[in-house]
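Examination of the molecular architecture
What follows is the residue order along each chain.
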Amino acid sequence: MKSVVIAKPGELVVAERDQPQPAAGEVLVKVQYASICGSDVHIWHGHNPFARYPRVIGHEFFGVITATGEGVETARIGERVAVDPVVSCGHCYPCSVGRPNVCSELQVIGVHRDGGFSEYAAVPAQNAYVVPDAIPDKLASLIEPFTIAANICAFLQPQPGDIALIFGAGPMGLTAIQALKGVYNLSKVIVADRLPERLKMAQENGADVVLDNSEIPLAAQLEGIRPTLIIDAACHPGILAEAVALASPAARIGLLGFSGEPCTVTQQSLTSKELSLFTSRLNSHRFPQVIDWMEKKLIQPEKLVTHYLPLADVETAMTLFEKDPRSCCKVILTVN
């Protein structure tokens, strides 16, 4: 079978590999579609501190179960499934309190173990979620990116009366817009980005107000508006201090970034407003929730997709995703 392998940082190849066999408790998925995420690009360039090489990348994927391992019902063969990349132990403290995404022994498919940029992938059976017929094959790999929005929203508890500010109109920011508007019915979602093309995407995905913060500070553009809910989907360390300064008293702030660079925030700036600060990594069993959103058409994943390319053109697809944020959003690889 053909698999996209990062042999070492900077070295991407489409290699011939043996088809995996599902171990006990696993299913074999014939992958049909897989979408590219920024973390895939980071693994390629050696910028993901969690990756182990060589690695078949890809953690956003959809396919059909073709075989089952010991202990898994053969009746599952033929199921259309989306795969949750979070593999947890189930018994450590985070797992015991419903936070498997920060399991003490966390493995992420496509990061710590081989992923879905491949014709076949063996995955834990419990991580393979049945996709209803109402969700088309070509969009089902986008269930995973929307679980990122679902996870941060579970912490932030959006309310219809909230005024939301989202930093960044990339894929994470766009999924957050759709969730806040389509699921939580917020009346006002403001989005800040430095690219006009991205701001146009934000409007198309439901943003009520878009602000270009490349030259004029947001404080000057908000005209006294104090957001009650803020999401950093741009993942720059300087954003936290700005978010704290802009936030309404009693606001909630959600961080999705992984930068190792320091940022400066005073206790006074947080405590004086009694701000709530939440961080979010991956997702904690959010696949059923997002599948329900998609089935009910509360969100429109097709609005994120700008390109479909075959698996053989993965380097072109990854480069397009990385280098052309003005015209490119989600790139989906067609695998089988």
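Sequence order sets the numbering: in each chain, residues are counted from 1 along the sequence as written. Local features are withheld for residues below a pLDDT of 70 in this predicted model, meaning they are given only at 70 or higher, and side-chain atom pairs are given and counted only at 80 or more; totals for whole chains, interfaces and linings count all residues. Side-chain descriptors were evaluated using all non-hydrogen atoms of the structure, hydrogens and water having been removed beforehand.

A few words on the environment of leucine 156. Numbering goes from the N terminus for both helices and strands, where a helix is a DSSP run of H or I of at least four residues and a strand is a run of E of at least two. Here leucine 156 shows up in helix 3 (residues 143-156). Exposure classes here rest on a 1.4 Å probe applied to the protein chains alone. A residue is buried below 20% of its type maximum, exposed above 50%, and partly exposed in between. In this structure leucine 156 comes out as buried when scored by relative accessible area, which is 1%. Measuring from C-alpha to C-alpha, the distance between leucine 156 and isoleucine 231 comes to 9.1 Å, with 75 residues separating the pair along the chain. Throughout, a contact is declared for two residues whenever any of their heavy atoms are within 4.5 Å. Apart from the residues lying within four places of it in its own chain, the contact partners of leucine 156 are Leu229, Ile230, Ile231, Arg252, Ile253, Gly254 and Phe278.

Quick look at the packing of helix 1 (residues 38-45) against helix 10 (residues 314-323) now. In the contact formed by helix 1 and helix 10, the axes pass within 10 Å of each other and the chain directions differ by 110°. Viewed along their axes, helix 1 and helix 10 adopt a mutual orientation that is roughly perpendicular. Every pair of crossing elements has a handedness; the one defined by helix 1 and helix 10 is left-handed. Contact with helix 1, carried on its side by Gly38, Asp40, Val41, Trp44 and His45, involves Glu315, Met318, Thr319, Phe321 and Glu322 of helix 10 and no other residues of that element. Gly is put with the polar residues, along with every residue not named as nonpolar or charged; the nonpolar set is Ala, Val, Leu, Ile, Met, Phe, Trp, Tyr, Cys and Pro, and the charged set is Asp, Glu, Lys and Arg. Grouping the constituent residues of the contact of helix 1 with helix 10 by class yields four nonpolar, three polar and three charged. Lines fitted to C-alpha atoms define the axes, with helix axes restricted to the stretch in contact, and inter-axis angles between N-to-C directions lie between 0 and 180 degrees. Any angle that is under 35 degrees is reported as roughly parallel, and any over 145 degrees as roughly antiparallel; angles of 65 to 115 degrees are reported as roughly perpendicular and all others as oblique. The hand of a helix crossing depends on one turn: near helix anticlockwise from the far one by less than a right angle means left-handed, and clockwise means right-handed.

A few words on the pattern of salt bridges. Whenever a carboxyl oxygen of Asp or Glu lies within 4 Å of a side-chain nitrogen of Lys or Arg, that contact is scored as a salt bridge. For the coordinates displayed, the defined rule picks out 14 salt bridges. Its salt-bridge partner being glutamate 197, residue arginine 326 comes within 2.8 Å of it at the nearest N-O pair. Taken together, the residues span a long stretch of sequence, with arginine 326 in the loop between helix 10 and strand 18 (330-334) and glutamate 197 in helix 5 (residues 196-204) at a distance of 129 residues. For arginine 326, a relative accessible area of 42% corresponds to the partly exposed category. A cluster of three or more residues bridged by salt bridges with shared partners is formed by Arg17, Arg55 and Asp114.

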